[in-house]
Amino acid sequence: MMIKISTKLASLVFLILIISACNKSSSIEVHTLTVEYLNNPIGIDRKSPLLSWKMSSDERAKSQSAYQILVASSDTLLTDVDADIWNSAKVSSSQNMNIRFTKVKLKAFQEYFWKVRIWDETGKVSAWSQPSFFETGPLDSKDWEASWISNKYAEVSDRREPFSLYDDTRTFNSADSLAVYMRKEFETKKTISKATVYVSGLGYYELYLNGKKIGDRVLDPVFTDYQRTVKYAAYDVTKDLKNNVNHTIGIVLGNGFYNHTERDLFQMEKANWKTPPKLMCQLRIQYENGETETFVSDSSWKWSYGPIVYNSIRGGETIDARIDIEGWNAMVFDPSQWKEVQQVPAPLGKLSYQYMPPLRETMSFKPDSTWSPKENITVFDFGENITGYADIEIAGESGTLVDIFFNEVLNPDGTLNVKHSSGHTWGRFQHGKLILSKKEADTFSPRFTYHGFRYVQVEGVPTEAIKSIEAKSVHTDLQEIGTFESSNKRLNQLHAAVKRTLLNSVHSMPGEEATREKMGWTYDGGMNTMESYLYNFDAINTYKKYLKDHIDAQGPTGHVPPIIPTNGWGFLEKTKAQKDTTIQYDDPWWGGTIAYVAQELFENTGDTTIIKEAYEPVKQYTDFVMSTAQDDIVYWSLGDWLDLTHGSKGWGPGLTPVELTSTAANHYLCEITAKHASMLGKQEDAVAYTNHAKRIKKAFNNRFLDRETGWYGNRSQTGQAVALFYGLVPEQMKEKAVERLLEAIRDNDYHTSVGFIGVRPLIQYLSEHGYKDIMYRMVLQEESPGWLHFVEDERSTMGENLNAAGYGTNHHPFATNIGFWLYEHLGGIKIDYSNKQEITLQPGLETDLDWVKTSCNSLQGTIVSDWENKNNEVYYHIEIPVNTEALLKLPEEFTIQNAANYDTWIKPLPDANRFEITSGVYDLVLRMKEE
């Protein structure tokens, strides 16, 4: 009997201990561990990488007060007690993003397994996160044993010269337009534990092992200034190799922008960096006995040409299916006719890991409809604008040439307009060719090009000879993190068009027009699109690369060219007097994107390193712009590009003087330089640039402000919005300046008249200063000028000019500038982690929408802002991530009806209708105040 009682007592004590332990555990769950914002990356080269994690809890007001990180060399050595590499112990800190791993010197080619636990605001400790890992690659140049190899030897050039003045005597096509095939046989003699390939192929490469393509990347590596930066990728190929057998590694090299093969406006075909395609490849194998073996690209490799007899990023590809090298990348192949490669000089750019997402085939499309407007011509309509290419299977007689054209517009007779958007390419344009073989059917499947298209036209065979066709959507593979939906169908269609256009406009660089230009105009990728990208997609690493592109392109004077990466187009030119002068297609706002991108990245990550690394380049550009001013007025060059009356006064904008917008840029740059200087403790710089800004502001108003009326410039929306938004209007003149802005809007019947520079100030000033209802009215205008005239349905894309009657294409990222507004000013989510981990919530209750549902999965976690106006009450659902807080701003006429239910977590602030809200989930009821 006593034994039974003791057993029961022991069980009860044990249960009490378990309950007690549970009560001491935090409700916070730690998850989504990232290294440099990547999940489990392999091959990275950062010696002090950034560690981050997210947290969730079903309780409100939860935050982190301390953390502990364990790092081990294997998953078995990563215990809940200790780890062999590093134990941070308990670190008192609320920081859960951008923790720089500096305590241990990382080794090259090493796996690191890590996990995290945290202590919450009450001192309770969480459970450990699930383990995560990262793997280093080459950390120094000495870790690269491979050599650069090519089929042709060519020296590399260190010239950095401008290419704006075009030379018509240059050759039309490159001599190296064929793809280059390379192979190497090797043998593994032991049991393999791990195998990793590190590879960079310029311009593009495809990697094979034993006949199998490795990875799903396409058009890799990303486009960079190859004299400054070259990217490599790493692949885990452990499962692709067998023990104690012979293997073959194969590479196909394409031209890309590195060895551009068609003349174009930007003169990429004579780039300073240009050589025949080249490869660096290093396969590192670790055996179970602890030994390692490395197989590298060197002079022992073999090369040949193959069926891809022409490839151009603009021109397309020619595939000669009669050239049969089947099995070239496998062991069962005779390479006796192949030639030896040559070791060649490395590109000048530093070889570094590619952190931004690669390009991939993200979607496939079958045609919506098909027709044959003429004999042996077939047109396929895929129903929406796509960027990528198509896989096509065709049967016919050997030697038959099949022409395959890609474009977006039809001729009146139903054939494809093959010249549409071709004005920037002075040669072959979006034109594939397939030469048929004796096989039953041949496949056209391009590798080293991409096109902007809706239609594909196949010429040279009857429709029945085309056995299959499938379009492939190709772009930088940005993962979606945002959602927007509303009670207005047209806004939902607009949102869909914005997302589609953003994805179609990112191929190594954001904001790129993929059909005509394929270039990264800086203002397009910066102020016109960046916020829309960051709300909709995980684009942090893409924009970190984009900021590096700006820095790489910067010249010795501090000037930043208007396109990046650039081969030299847009660099300062020398006049006959050997003085530097800007080009016509340049503007202080375009180069000033360097400052804007740095600031936006900082606000979305909270990482001060971004500002530190960008400070000197931003300061140098600011100094450059100031040096071009005459009495603090800047006169160059593009201005408010594509405004409503563009070209009416000759070249450029018709409504707003160029010197007004360019001087505003001068002021903006001085202010942001002063801000960054103050942040970094550079007080002397902060004072100097603050004084510069004050002086420029005075000159700006003396030159452009009519003090009697409040008008700036030529009575334009842009002139008023730029002056107001960038803080250039004297305090005593603000009321008049606002009245004139509203007058300019009314005079244009609530349509916009702005161009590239004016659009963001217009959107933001109206929405942030009590005129959101007016901005909403402008957005909903169905007719041009505006946004909705681009949008027919959910499959539409946005265009280049808000004025439908003006110059520009209907597949361009510019008009996606409205995308962020849906999130920030209708849904009401604004993220700023630069000062403290804070979110601003400001739902668009001033509109006539019945409801809006918005979410954004930020670096801290998912933010939700859903509201519904129903029966004179607004039901407002909010989700705020752990370790953050929100500032809620409501229109003055609203009050929180059920505030008492949340008085512990929602605190009113001194400013009217401003509330501080802790993390958690809330369901508020808002009601109009009684008069």
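Residues numbered from 1 in each chain as written. Predicted model: local features only at pLDDT ≥ 70, side-chain atom pairs only at ≥ 80, totals over all residues. Heavy atoms only, no water.

S.K.: What should I look at first to understand empty space enclosed by the protein in this one?
M.R.: Over the atoms rolls a probe the size of a water molecule, and in doing so it shows where empty space is left. Summed over the entire model, instances satisfying the criterion amount to 5 cavities of 30 Å³ or more. Each pocket or cavity is described by its volume, and for the largest cavity that value is around 80 Å³. Breaking the lining of the largest cavity down by element, the ones donating at least two residues are α4 (530-536), α7 (593-605) and β36 (829-832). Looking at side-chain class alone, the lining of the largest cavity contains 3 nonpolar, 1 polar and 4 charged residues. (1 Å grid on protein atoms, 1.4 Å probe; cavity = no way out; pocket = protein on both sides within 12 Å on 5 of 7 lines; lining within 4 Å. Points joined across faces, edges and corners; volume = space filled by probe spheres on them. Helix = DSSP H or I, 4+ residues; strand = E, 2+ residues; numbered from the N terminus. Nonpolar A, V, L, I, M, F, W, Y, C, P; charged D, E, K, R; others polar.)

S.K.: Is there a simple way to explain the domain arrangement of the protein chain in this structure?
M.R.: A common way to state how big an interface is: give the accessible area lost once the parts meet. Split into domains, the protein chain comes out as domain 1 (29-136), domain 2 (145-165 + 172-310 + 323-356), domain 3 (361-476), domain 4 (482-826) and domain 5 (838-928). The C-alpha centroid of domain 5 is placed 32 Å from the C-alpha centroid of domain 1. Taken residue by residue, the interface counts 14 residues in domain 1 and 14 residues in domain 5. A buried area of about 1200 Å², summed over both sides, lies between domain 1 and domain 5, and 53% of it is on carbon and sulfur atoms. Viewed at the interface, domain 5 and domain 1 are joined by 0 salt bridges. At the junction of domain 1 with domain 5, the criterion picks out 10 residue pairs in polar contact (both at pLDDT 80 or more). Per-element accounting of the side of domain 1 that touches domain 5 gives the leading share, 3 residues, to strand β3 (residues 50-56). For the side of domain 1 that touches domain 5, the class distribution of residues is 4 nonpolar, 6 polar and 4 charged. (Domains from an automatic or database assignment. Contact = heavy atoms within 4.5 Å. Buried area = accessible area lost by both parts, 1.4 Å probe. Salt bridge = Lys/Arg side-chain N within 4 Å of Asp/Glu carboxyl O. Polar contact = N/O pair within 3.5 Å; in protein donor to acceptor, adjacent residues only side chain to side chain.)

S.K.: Whenever I open this one, the nonpolar core confuses me. Can you help?
M.R.: Proteins that are soluble and globular tend to have nonpolar side chains buried together. In terms of nonpolar packing, the biggest core is built from 204 residues, with W53 and W787 touching the most fellow members. Ranked by size, the runner-up nonpolar core spans 28 residues in total, among them V199, Y205, I214 and C281. (Core = buried A, V, L, I, M, F, W, Y, C linked by side-chain atoms within 4.5 Å. Buried < 20%, exposed > 50% of the residue type's maximum accessible area, 1.4 Å probe, protein only.)

S.K.: Explanation requested: the UniProt feature "domain: Bacterial alpha-L-rhamnosidase N-terminal" (unreviewed entry) in the protein chain in the structure shown.
M.R.: This chain's UniProt record puts "domain: Bacterial alpha-L-rhamnosidase N-terminal" (unreviewed entry) on residues 190-362. The distance from the first to the last C-alpha atom of residues 190-362 is 38 Å, and the span holds 0% helix and 45% strand. (UniProt positions renumbered as here; feature names shortened; annotations may be inferred.)

S.K.: When you look at the sheet that holds strand β44 (residues 914-917) in this model, what are you seeing that I'm missing?
M.R.: Strands in a sheet are paired, the pairing made by backbone hydrogen bonds, and the direction either parallel or antiparallel. Spatial ordering of the open sheet is given by β36-β37-β41-β44-β43, a layout of 5 strands whose pairing is mixed. Looking at which strands have only one partner, the edges of the open sheet turn out to be β36 and β43 (906-908). Each neighbouring strand pair of the sheet contributes to a mean axis angle of 25 degrees, computed without reference to strand direction. Bridge count between β36 and strand β37 (residues 838-841): 4 bridges; the pairing is antiparallel. Of the residues in β37, the one forming a bridge with I831 is I839. (Pairing = 2+ DSSP bridges. Axes fitted to C-alpha atoms, helices over the stretch in contact; angles between N-to-C directions.)

S.K.: Even after reading the chapter, I still don't get the pattern of salt bridges, so can you show me in this structure?
M.R.: Where charged atoms of side chains with opposite charge meet at close range, the side chains can pair. Summed over the entire model, instances satisfying the criterion amount to 47 salt bridges. Notably, a salt bridge pairs E121 with K62, separated by 2.9 Å at the nearest N-O pair. In this pair, E121 sits in the loop between β8 (111-120) and β9 (132-136) while K62 sits in the loop between β3 and β4 (64-72), placing the two residues 59 residues apart along the sequence. For K62, a relative accessible area of 6% gives the class buried. Across the pair R454 and D381 runs a salt bridge whose closest N-O atoms are separated by 2.8 Å. Linking R454 in strand β31 (residues 451-459) with D381 in strand β27 (residues 377-394), this pair joins segments that are 73 residues apart in sequence.

S.K.: So what exactly am I meant to see when it comes to the environment of L547 here?
M.R.: Of note, L547 is situated in helix α5 (residues 540-553). A residue is classified by how much of its surface remains accessible, and L547, at 7% relative accessible area, is buried. With 17 residues separating them in the primary sequence, L547 and I564 have C-alpha atoms 9.8 Å apart. When neighbours within four sequence positions are excluded, L547 is seen to be in contact with I594, V597, A598, L601, I610 and A614.

S.K.: Mind showing me how you'd approach the packing of helix α11 (residues 717-725) against helix α12 (residues 734-747) here?
M.R.: When two helices pack together, you describe them by how their axes are tilted relative to each other and by the distance separating the axes. At a minimum axis distance of 9 Å, the contact between α11 and α12 shows a crossing angle of 145 degrees. Crossing hand, α11 versus α12: left-handed. Contacts from Q717, Q720, A721 and L724 in α11 reach K734, A737, V738, R740, L741, A744 and I745 in α12. Broken down by class, the residue content of the contact of α11 with α12 amounts to 7 nonpolar, 2 polar and 2 charged. (Left-handed = near helix turned anticlockwise from the far one by under 90°.)

S.K.: Help me understand the packing of aromatic side chains, please; the structure alone is not making it clear to me.
M.R.: The description of an aromatic ring pair uses the distance of the two centres, along with the angle that the planes make with each other. Across all of its chains, the model carries 46 aromatic pairs by this definition. Seen in terms of ring centroids, F186 and F295 are 4.6 Å apart; in terms of plane orientation they differ by 40 degrees. Their pairing is tilted. In this pair, F186 sits in strand β11 (residues 180-187) while F295 sits in strand β18 (residues 292-296), placing the two residues 109 residues apart along the sequence. Plain terms: the ring middles of Y585 and W641 are 6.2 Å apart, the flat faces sit at 70 degrees to each other, and that makes the pair edge-to-face. One end of the pair, Y585, is in the loop between β35 (580-581) and α6 (588-591); the other, W641, is in the loop between α8 (608-627) and α9 (658-679), and 56 residues separate them in sequence. By relative accessible area, W641 is classed as buried at 13%. Among the aromatic residues, ring-to-ring pairing joins F109, W144, Y198, Y232, Y353 and Y355 into one connected group. The ring of Y922 carries R60 above its face, with NZ or CZ at 5.0 Å from the centroid. Stacked on the ring of Y450, the Lys or Arg K518 has its end atom at 4.7 Å from the ring centre. (Phe/Tyr/Trp six-rings, centres within 6.5 Å; stacked < 30°, edge-to-face > 60°. Lys NZ or Arg CZ within 6 Å of the ring centre and 35° of its normal.)

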